[in-house]
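Next come the chains, spelled out residue by residue.
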Protein chains: 2
Amino acid sequence: MLGMALEHAILVSLLEQPGSGYELARRFERSIGRFWTATHQQIYRVLKRMEADGWVTAVDVGQDGRPDKRDFTVSAAGREVLTGWLHEPVQPEAVRHDLAVKVRGAAFDDPAGRAALIDEVVRYRAEHEELLARYLAGEKRDFPDISSLRAGERLQHVVLRGGIAYERMLLDWLDEVLITLRHLREES
Amino acid sequence: MLGMALEHAILVSLLEQPGSGYELARRFERSIGRFWTATHQQIYRVLKRMEADGWVTAVDVGQDGRPDKRDFTVSAAGREVLTGWLHEPVQPEAVRHDLAVKVRGAAFDDPAGRAALIDEVVRYRAEHEELLARYLAGEKRDFPDISSLRAGERLQHVVLRGGIAYERMLLDWLDEVLITLRHLREES
DNA sequence: GGTGTCATGTAATATGTTACATGATTCT
DNA sequence: AGAATCATGTAACATATTACATGACACC
């Protein structure tokens, strides 16, 4: 059970705030998704197993105007599993950076293909510029007074700072990539 | 076949330099591994399929003092597959950042557990400091004169710059994380 | 004699992705 | 009337990880 993965992200998210599979999926699209991606199908499957293993307990909640949902809460056993995992060493990350492969691959493409890559990098850059703007807006909204945060909020905030730092670094790097690609275009 | 993955990283690597499965695995531990991780088991399996599909061709090379190896080269068909993929939009990255989950999870750990996390972050930071040093040494060694690089080398270099930028950003962020964790410790 | 590197793989299991499926309500 | 959102899942398939397996040679 070493190094297991989605389970722990779900445990953290449910400890911060109990919720349904659907709500979890939405959180994974937003906040948690900054450092752990998962689709609703994965989440439902893992939640089912976690419930069977007694890591979480579910309560049916009727809602008016909306379908019923099943609200999950972390059990004492689930909390123990999480703390056990927290004390394991951090696993090396599995990196998968599409764009970097494409940039190196551009060496084997023709000028038209490289021109298309420039457009694609521009599009990709715009996406991440928006993402950074959303992170910064979220920081302003959720952590307006940084000096008065409780422990959990401070930890959430420093993780958000990581997302912001990552996006800024990425934008700067994409500018370097664009300079390089445009430079190569002008030479040919 | 959209969005397929390891295949393309292998094609780029073999176009830069033909080689055996073992050599590819070593490259994935080093240079390519900065943006795409893969184990030798994965590589052998995918190479087999790529050979069956005619994307690469293999030549047996006898070596003295060493086991024979099978050297792979990208075929014309493989090159076409790669350029086809290069012209597809970049897929959103699947992020999986263990440490960020643990930092948020630390909110639900006891003081002893948080102290242990500080030690773990320190260890992790030292690992990445070494990695950055290796990248910088590699940059000096492989790109001593930046003004006189050919197209392929310039693209390789800008990708390496990305790795360097990432590691620097990570180290700065880890310092922020340490400040936050130590601050919480002193308050308790 | 033991450790490490070179070189190749198989098998079992776990995880992740994609497509499909349902049904109510709210908004335009 | 049609599209979007809320809410839950199953099934089939693809990919990744982990453990196991073999054998030669080089170096200490």
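Residues numbered from 1 in each chain as written. Chains lettered and ligands numbered in written order. Predicted model: local features only at pLDDT ≥ 70, side-chain atom pairs only at ≥ 80, totals over all residues. Heavy atoms only, no water.

- Under an unreviewed UniProt entry, the name given to chain A is PadR family transcriptional regulator, and the source organism is Actinoplanes ianthinogenes.

## Here we look at the interface of chain B and chain A
Logical step 1: The interface is formed by 63 residues belonging to chain B together with 63 residues belonging to chain A.
Logical step 2: For the pair chain B and chain A, the summed buried area comes to about 6,400 Å², and 64% of that belongs to carbon and sulfur atoms.
Logical step 3: At the junction of chain B with chain A, the criterion picks out 6 salt bridges.
Logical step 4: When the shortest N-O distance is used, the salt bridge between A:Arg161 and B:Glu176 registers 4.0 Å.
Logical step 5: Only helix 1 (6-16), helix 4 (76-86), helix 5 (98-105), helix 6 (111-142) and helix 7 (151-187) of chain B provide two or more residues apiece to the side of chain B that touches chain A.
Logical step 6: The leading source of residues in the side of chain B that touches chain A is helix 7 of chain B, at 20 residues. (Contact = heavy atoms within 4.5 Å. Buried area = accessible area lost by both parts, 1.4 Å probe. Salt bridge = Lys/Arg side-chain N within 4 Å of Asp/Glu carboxyl O. Helix = DSSP H or I, 4+ residues; strand = E, 2+ residues; numbered from the N terminus.)

## Quick word on the relation of the copies chain B and chain A
The two chain copies are connected by a rotation around an axis plus a translation along it.
Logical step 1: Take chain B, turn it by 180°, move it 0.0 Å along the axis, and it overlays chain A with an RMSD of 0.1 Å. Both chain copies can therefore be described as sitting about a two-fold axis. Rotation axis and chain B: the residue whose C-alpha lies nearest the axis is B:Met169, separated from it by 3.4 Å.
Logical step 2: A share of 100% of the interface residues of chain B reappears at the interface of chain A, consistent with the copies meeting face to face through the same patch. (Least-squares fit on C-alpha atoms with pLDDT ≥ 70 in both.)

## Concerning the side chain of A:His8
Logical step 1: Locating A:His8 in the fold gives a position in helix 1 (residues 6-16).
Logical step 2: On the basis of relative accessibility, which here comes to 2%, the residue A:His8 falls in the buried class.
Logical step 3: In this structure, A:His8 is in contact with A:Val81, A:Leu82, A:Trp85 and B:Val101, ignoring residues within four places of it in sequence. (Buried < 20%, exposed > 50% of the residue type's maximum accessible area, 1.4 Å probe, protein only.)

## Let's talk about the protein's contact with DNA strand C
Logical step 1: Close contacts around DNA strand C come from 22 residues, with A:Gln42, A:Arg45, B:Tyr22, B:Tyr44 and B:Gln63 the closest.
Logical step 2: Near the protein, meaning within 4 Å, the atoms of DNA strand C are sugar or phosphate in a fraction of 61%, with bases accounting for the rest.
Logical step 3: A:Gln41 is positioned with one of its side-chain polar atoms (N or O) 3.0 Å from a base nitrogen of DNA strand C.
Logical step 4: One of the side-chain nitrogen or oxygen atoms of A:Arg49 is found 3.5 Å away from a phosphate oxygen of DNA strand C.
Logical step 5: Every element with two or more residues in the surface near DNA strand C is listed here: helix 3 (40-52) of chain A together with helix 2 (21-29), helix 3 (40-52) and strand 2 (69-74) of chain B.
Logical step 6: Across the surface near DNA strand C, the residue classes tally to 5 nonpolar, 8 polar and 9 charged. (Near = heavy atom within 4 Å. Polar contact = N/O pair within 3.5 Å; in protein donor to acceptor, adjacent residues only side chain to side chain. Nonpolar A, V, L, I, M, F, W, Y, C, P; charged D, E, K, R; others polar.)

## As for the protein's contact with DNA strand D
Logical step 1: For DNA strand D, the set of nearby residues contains 22 residues, the closest of which are A:Tyr22, A:Lys48, A:Gln63, A:Arg70 and B:Gln41.
Logical step 2: Backbone sugar and phosphate groups make up 63% of those atoms of DNA strand D lying within 4 Å of the protein.
Logical step 3: A distance of 2.7 Å is found between a phosphate oxygen of DNA strand D and a side-chain nitrogen or oxygen belonging to A:Lys48.
Logical step 4: Backbone polar atom of A:Arg70 to a phosphate oxygen of DNA strand D: 2.7 Å apart, as the coordinates give it.
Logical step 5: Within the surface near DNA strand D, the residues separate by chemical class into 5 nonpolar, 8 polar and 9 charged.

## Brief notes about the domain arrangement of chain A
Logical step 1: You can read the domains of chain A as domain 1 (6-86) and domain 2 (98-187).
Logical step 2: One C-alpha centre belongs to domain 1 of chain A, the other to domain 2 of chain A; they are set 29 Å apart. (Domains from an automatic or database assignment.)

## Comments concerning the packing of aromatic side chains
Logical step 1: Overall, the coordinates contain 1 aromatic pair over all chains when judged by the stated rule.
Logical step 2: With a centroid separation of 6.2 Å and an interplanar angle of 80°, the aromatic rings of A:Tyr166 and B:Tyr166 are classed as edge-to-face. With A:Tyr166 in helix 7 (residues 151-187) and B:Tyr166 in helix 7, the pair connects residues from two separate chains.
Logical step 3: The class for B:Tyr166 is partly exposed, based on a relative accessible area of 24%.
Logical step 4: Here A:Lys102 stacks its cationic end above the ring of B:Trp85, 4.5 Å away from the centre of that ring. (Phe/Tyr/Trp six-rings, centres within 6.5 Å; stacked < 30°, edge-to-face > 60°. Lys NZ or Arg CZ within 6 Å of the ring centre and 35° of its normal.)

## Re the packing of helix 2 of chain B against helix 3 of chain B
Residue and element names in this part refer to chain B.
Logical step 1: In contact at an axis separation of 9 Å, helix 2 and helix 3 are set at 135° when each is read in the N-to-C sense. With respect to each other, helix 2 and helix 3 are oriented oblique. The hand of the helix 2/helix 3 crossing is right-handed. For the pair formed by helix 2 and helix 3, the contact residues are Gly21, Tyr22, Leu24, Ala25 and Phe28 on the first element and His40, Ile43, Tyr44 and Leu47 on the second.
Logical step 2: Along the lines of polarity and charge, the residues of the contact of helix 2 with helix 3 split into 7 nonpolar, 2 polar and no charged. (Axes fitted to C-alpha atoms, helices over the stretch in contact; angles between N-to-C directions. Parallel < 35°, antiparallel > 145°, perpendicular 65-115°, else oblique. Left-handed = near helix turned anticlockwise from the far one by under 90°.)

## Examining the environment of A:Arg30
Logical step 1: You can see A:Arg30 is positioned in the loop between helix 2 (21-29) and helix 3.
Logical step 2: For the pair A:Arg30 and A:Leu149, spaced 119 residues apart in the sequence, the C-alpha separation amounts to 21 Å.

## Overview of the environment of B:Ala9
Logical step 1: Mapped onto the elements, B:Ala9 comes out in helix 1.
Logical step 2: C-alpha separation for the pair B:Ala9 and B:Phe35, spaced 26 residues apart in sequence, amounts to 9.2 Å.
Logical step 3: With residues up to four places along the chain from it excluded, the contact list for B:Ala9 reads A:Val101, B:Phe28 and B:Trp36.

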